[in-house]
2 protein chains.
Amino acid sequence: MRSVSIVGVGLTKFGEQWEKSFKELIAEAGVKAIQDSGLERKDVNAVYGGCMASGRFVGQEHIGALIADQLGLNPVPSTRVEAACASGGVALRMGYMAVASGIHDIVAVGGVEKMTEVSTEDAGFALGGAGDQETELFVGASFPALYALMARKHMKKFGTTEEQMASVAVKNHGNAVNNKYAQFHREITIDDVMKSGYVSSPLKLLDCSPITDGAAAVLLMPTEQAKKINDKAVEIIASTQASDTLALADRENLYETKAAKIAGKQAYEKAGIKPTDVSFAEVHDCFTIAEIMAIESLGFCPLGEGGKFTEQGNTQISGQIPINTSGGLKGKGHPVGATGVAQAIETYLQLNGEAGKRQVKDAEIGMTHNVGGSGATAVVHLYKKA
Amino acid sequence: MRSVSIVGVGLTKFGEQWEKSFKELIAEAGVKAIQDSGLERKDVNAVYGGCMASGRFVGQEHIGALIADQLGLNPVPSTRVEAACASGGVALRMGYMAVASGIHDIVAVGGVEKMTEVSTEDAGFALGGAGDQETELFVGASFPALYALMARKHMKKFGTTEEQMASVAVKNHGNAVNNKYAQFHREITIDDVMKSGYVSSPLKLLDCSPITDGAAAVLLMPTEQAKKINDKAVEIIASTQASDTLALADRENLYETKAAKIAGKQAYEKAGIKPTDVSFAEVHDCFTIAEIMAIESLGFCPLGEGGKFTEQGNTQISGQIPINTSGGLKGKGHPVGATGVAQAIETYLQLNGEAGKRQVKDAEIGMTHNVGGSGATAVVHLYKKA
């Protein structure tokens, strides 16, 4: 297997993009990534695109072909992968595998979702497709409800508090203020979160990531060649993926995310490092409890202590292990298919020292953790400067 | 790259499967494939599943995780790929790449679609997502209309007749009679096709493939090991994929399918063979005109002569190049995400001499050709007995 690096990135503004179509978002992110790399369109050998529910959101499938078409990359093979909210991360992994194996040399990886074309209710139904439609969504268990069940279990078993969960949202909103691509540029307080209305108790409005439009793209190529075309190459030193049961009711327990734990463990092994070697991580905070469970599953703190660990400031940019410097899904926004790719872009910026006011000091190794549904898919990547 | 073989296959009955759920179809095909191979569930290292529009058809996304869950394969990585009606073929290609590259040893590839849970009108809208939603479906150009445009152009440029198109349907229905998994077991005549009502002139009801429920699965592993576990291994000797513009209006012309031509040419080059070396092929006959254009693009007859070539009987099982011995999409049925995998299963049966009354004599090399939308994705595979 060859070493693979990211050599260019492109991101659209995340938010309610009324003025831009689904296609325009794809084109914008893709063109930016190609320009950033210094490569040309004709250099691209294949495309992998992550998108969760474009059929429900914009009536469009066949997203692989659409991406190639929008970027004028025909006739290269172009494939959409879907893994709910982990679609972007899995697309990145497919692209990584294609380059690592030598099947393709230069691969474009994109992620996109345009979620605001439908009503919030319809968006909820579309997102519900990430869980078990038959036994969860059909009987009313929308995603806030599923994560609320996990939160309740975590609270009961470990004493995690609503204030501790709120501290995740406060931190991530704070980080998002310094990210020009983020959906929200507004600091919030614990009090703001606690006073926001319950969506599904104990989760309140400000515990939930928003509905977002956006797209993200990166270009991958063998590290050896990457280092010759520019000085920004960021190497992917591990790429792992694991699955768990689709339905929460079938899990071993509700207080930890097993697929993330497995993918994380495999990633550390592949890279030959420990959690303490990671300088910063972008984790999947679709709800505040999800970030708490993620940092436990990834070994940044012991099981059950994620709430306290966060409340104490350890996951701040200046803390022991900065988490979601980009603002995360909560502050930056969560266009579901794009999220996994956008996470990789934050690591690229951090490792190149280009994260501005949210720059992590001495950033050497970055991690991304992207989750589908209530945890049935988890994808983990590790990165370092090439 | 390692040589890769199919070592087990599983297919559900194709048709209106009112008594089986989406999940049950997946489980049935997957379990059959594992049993057929003689492998066990614990041997499977990864899963790729093809599915086009489950979000629209059954309100379910996250199909990769769902497949792994249904088959008890957790925590292996499991990924859904979508390329409209070529989803199954692209999933097969992803699985092939994973094994060929040495990333995984044993991979399960599945395809599924349950299309009858929604009204025919809604199914039409879901399928329309395979084209360009903005410039085609939104203005009323459903898939029969898009293929009707191609048919009209082909008729005008080459003199192809409605009777010639009808001869595709007659042949494929005839072949389906001998396939117990096929949706239709009814011979039809040219007269039947000509008298069936216009769906979109010149295409009539019997020129169109049906709405179908079904699932298909195959197991892939390195040929060297495959030959040790049973004597049925069928080697994939080429796997290629190409893209074209999403919208018909952006194509170079309407009378040939460029992506299929490119993918076909690449496949012949990789395998080091010519079209005349192919013993039989399963091609994407979503409409009768599509089969005519496919056999031209794949080099089985000259451009423009596909209609006459078919009418003369050259594509019959006893003909020069048997096409769609399984009954094709027209006779066997077209559960869109499953089709590409089901095509591979027909080649496995033919090359093992297990196709019963539809067996091709001296079958040595098989081909599958799976198309997304009106031709924006084309996937071609070549096979021979390992």
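Within every chain, residues take consecutive numbers counted from 1 along the sequence as written. The lettering of chains begins at A and the numbering of ligands begins at 1, in the order of writing. Residues qualify for local features only when their pLDDT is at least 70, as the model is predicted, and side-chain atom pairs are given and counted only at 80 or more; totals for whole chains, interfaces and linings, by contrast, use all residues.

Engineer: Lay out the overall build of chain A with the relevant residues and their values.
Structural biologist: Only DSSP runs of H or I reaching four residues or more are called helices, and only runs of E reaching two or more are called strands; each is numbered from the N terminus. Helix and strand counts for chain A stand at 14 helices and 11 strands. On C-alpha atoms alone, chain A measures out to a radius of gyration of 19 Å, which is about the 21 Å that the 2.2 N^0.38 rule sets for 386 residues. In terms of principal-axis extent, the alpha carbons of chain A reach across some 55 × 45 × 40 Å. Remark: C-beta atoms are placed from the backbone, and a residue is labelled buried if 20 or more other C-beta atoms sit within 10 Å of its own, exposed if 12 or fewer do, or partly exposed between those counts. When burial is assessed residue by residue, chain A has 68% of its 386 residues classed as buried. The contacts in chain A between residues at least 6 apart in sequence include a share of 78% that link residues at least 24 apart. With the radius of gyration taken over C-alpha atoms, the globule rule is written as 2.2 Å times the number of residues to the power 0.38. It is the C-beta atoms, placed from the backbone, that decide contacts: two residues are in contact if theirs lie within 7 Å.

Engineer: Tell me what's going on with the interface of chain B and chain A, and back it up with residues and numbers.
Structural biologist: With 50 residues of chain B in contact, the opposing surface of chain A contributes 50 residues. Contributing elements (two or more residues each) for the side of chain B that touches chain A: helix H2 (54-58), helix H3 (63-70), strand E3 (78-82), helix H4 (87-100), helix H5 (120-128), strand E8 (234-243) and helix H10 (258-271) of chain B. Of all the elements, H3 of chain B adds the most residues to the side of chain B that touches chain A, at six residues. Throughout, the ten residues Ala, Val, Leu, Ile, Met, Phe, Trp, Tyr, Cys and Pro are labelled nonpolar, Asp, Glu, Lys and Arg are labelled charged, and all others, Gly among them, are labelled polar. For the side of chain B that touches chain A, the per-class residue count stands at 26 nonpolar, 17 polar and seven charged.

Engineer: With reference to specific residues and values, describe helix H10 (residues 258-271) of chain A.
Structural biologist: Residues and elements named next belong to chain A. Its 14 residues give H10 an end-to-end C-alpha distance of 20 Å, which sits within 8% of 20 Å, the value for a rise of 1.5 Å per residue. For H10, the set of buried residues is Lys258, Ala259, Ala260, Lys261, Ile262, Ala263, Gly264, Ala267, Tyr268 and Ala271. After H10 finishes, the residue Gly272 shows a positive phi value of roughly 65°. For a helix, the expected span equals 1.5 Å multiplied by the number of residues minus one.

Engineer: Kindly report on the environment of Ala84 of chain A, identifying the contributing residues and their values.
Structural biologist: The residue Ala84 of chain A is located in the loop between strand E3 (78-82) and helix H4 (87-100) in this model. Along the primary structure Ala84 of chain A and Ala53 of chain A are separated by 31 residues, whereas in three dimensions their C-alpha atoms are 7.6 Å apart. For Ala84 of chain A, the contacting residues outside a window of four places in its chain are Met52, Ala130, Gly372, Gly373 and Thr377 of chain A together with Glu61 and His62 of chain B.

Engineer: Tell me about the domain arrangement of chain A, and name the residues and values.
Structural biologist: All names here are of chain A. Its domain assignment divides chain A into domain 1 (4-119 + 212-234) and domain 2 (141-205 + 236-385). The split into domains, and so the bounds of each, comes from an automatic or database assignment of domains. Inter-centroid distance (C-alpha atoms) of domain 1 to domain 2 is 23 Å. Taken together, the contacts link 38 residues of domain 1 with 35 residues of domain 2. Elements that contribute at least two residues to the side of domain 1 that touches domain 2 include exactly strand E1 (4-11), H4, strand E4 (107-114) and strand E7 (213-222). Take the side of domain 1 that touches domain 2: its biggest share by element is eight residues, from H4.

Engineer: Can you tell me about the relation of the copies chain B and chain A, naming the residues and giving the values?
Structural biologist: Least squares is the method for superposing the copies, and the C-alpha atoms it fits come from residues with pLDDT of at least 70 in both. Take chain B, turn it by 180°, move it 0.0 Å along the axis, and it overlays chain A with an RMSD of 0.0 Å. Both chain copies can therefore be described as sitting about a two-fold axis. Using C-alpha coordinates, one finds that chain B approaches the rotation axis most closely at Val81 of chain B, a distance of 2.2 Å. The overlap is high: 100% of the interface residues of chain B also sit at the interface in chain A, so the same surface is used on both sides.

Engineer: Kindly report on the pairing of E3 of chain A, identifying the contributing residues and their values.
Structural biologist: Most of E3 of chain A is tucked away, with five of its five residues classed as buried. Of the two faces of E3 of chain A, the one holding Ser78, Arg80 and Glu82 of chain A and the one holding Thr79 and Val81 of chain A are both buried throughout. Pairing between strands is defined by DSSP: at least two bridges between them are needed. Sheet analysis places strand E2 (residues 46-50) of chain A next to E3 of chain A, joined by four bridges and oriented parallel. Looking at the pairing, Gly50 of chain A lines up with Val81 of chain A of E3 of chain A. For E3 of chain A and E3 of chain B, the ladder comprises three bridges, and the chain directions are antiparallel. Within the sheet, the bridge partner assigned to Glu82 of chain A lies in E3 of chain B and is Arg80 of chain B.

Engineer: Could you give an account of the environment of Ala29 of chain B, with specific residues and numbers?
Structural biologist: Residue and element names in this part refer to chain B. With respect to the helices and strands, Ala29 occurs in helix H1 (residues 22-37). Distance in space between the C-alpha atoms of Ala29 and Leu71 is 9.9 Å, their sequence separation being 42 residues. Leaving out residues up to four positions away in the same chain, Ala29 has contacts with Gly10, Leu11, Thr12, Gly110, Ala215, Ala216 and Ala217.

Engineer: Give a detailed account of the packing of H4 of chain B against helix H14 (residues 336-351) of chain B, specifying residues and quantitative values.
Structural biologist: Residues and elements named next belong to chain B. Two numbers describe how H4 lies on H14: the axes approach to 5 Å, and their chain directions differ by 55°. By the angle between their directions, the pair H4 and H14 is classed as oblique. Counted together, Ser87, Gly88, Gly89, Ala91 and Leu92 of H4 and Val336, Gly337, Ala338, Thr339, Gly340, Val341, Ala342 and Ala344 of H14 form the full contact between these two elements. Of the residues that constitute the contact of H4 with H14, the class distribution is seven nonpolar, six polar and no charged. Simply put, an axis is a line fit to the C-alpha atoms, just over the touching stretch for a helix, and the angle between two N-to-C directions goes from 0 to 180 degrees. Under this scheme an angle from 65 to 115 degrees is roughly perpendicular, one under 35 degrees roughly parallel, and one over 145 degrees roughly antiparallel; angles in between are oblique.

Engineer: Describe unusual backbone geometry, listing the residues and the values that go with them.
Structural biologist: All names here are of chain A. Following Ser201, the chain continues into Pro202 via a peptide bond in cis, with omega recorded as 10°. Within the secondary structure, Pro202 is located in the loop between strand E5 (198-200) and strand E6 (203-204). Although it is not a glycine, Asp362 adopts a positive phi angle of roughly 50°. By secondary structure assignment, the location of Asp362 is in the loop between helix H14 (336-351) and strand E10 (365-372). Judged by local crowding, Asp362 falls into the exposed class, with 5 C-beta atoms found within 10 Å.

Engineer: Explain H3 of chain B to me, and be specific about the residues and the numbers.
Structural biologist: Residue and element names in this part refer to chain B. The buried count for H3 comes to eight of eight residues, which makes it a mostly enclosed element. Those residues of H3 lying buried are Ile63, Gly64, Ala65, Leu66, Ile67, Ala68, Asp69 and Gln70. Among the residues trailing H3, Gly72 stands out with phi positive, at a value near 65°.

Engineer: Lay out the pairing of strand E2 (residues 46-50) of chain B in plain terms, naming residues and giving numbers.
Structural biologist: Regular strands have side chains that alternate between both faces of the sheet. Residues and elements named next belong to chain B. For E2, the tally of buried residues reaches five of five residues, placing the bulk of the element in the interior. By the alternation rule, side chains of E2 split into Ala46, Tyr48 and Gly50 and Val47 and Gly49, which are all buried. Judged from the five bridges that link them, E2 and strand E4 (residues 107-114) form a sheet pairing that is parallel. Note that in E4 the partner of Gly49 across the bridge is Gly110.

Engineer: So what's going on with the packing of helix H6 (residues 143-158) of chain A against helix H11 (residues 288-297) of chain A? Residues and values would help.
Structural biologist: Residue and element names in this part refer to chain A. Across the interface, H6 lies against H11 with an axial gap of 9 Å and an inter-helix angle of 55°. When the axes of H6 and H11 are compared, the pair comes out oblique. Here H6 runs over H11; the crossing is left-handed. In contact with Tyr147, Met150, Ala151 and His154 of H6, H11 contributes Ile289, Ala290, Ile292 and Met293. Crossing handedness follows the turn of the near helix against the far one: under a right angle anticlockwise gives a left-handed crossing, and clockwise gives a right-handed one.

Engineer: Account for the confidence of the model for chain A, naming residues and giving values.
Structural biologist: Residue-level confidence of the predictor, termed pLDDT, takes values from 0 up to 100. Looking at chain A as a whole, the pLDDT averages 97, with 100% of positions reaching at least 70. Interface predicted TM-score (ipTM) for the complex: 0.97; the corresponding pTM is 0.98.

Engineer: Help me get a handle on the environment of Pro77 of chain B, residues and values and all.
Structural biologist: Looking at where Pro77 of chain B falls in the secondary structure, it is placed in the loop between H3 and E3. When the C-alpha atoms of Pro77 of chain B and Met194 of chain B are compared, they prove to be 49 Å apart, with 117 residues separating the residues in sequence.

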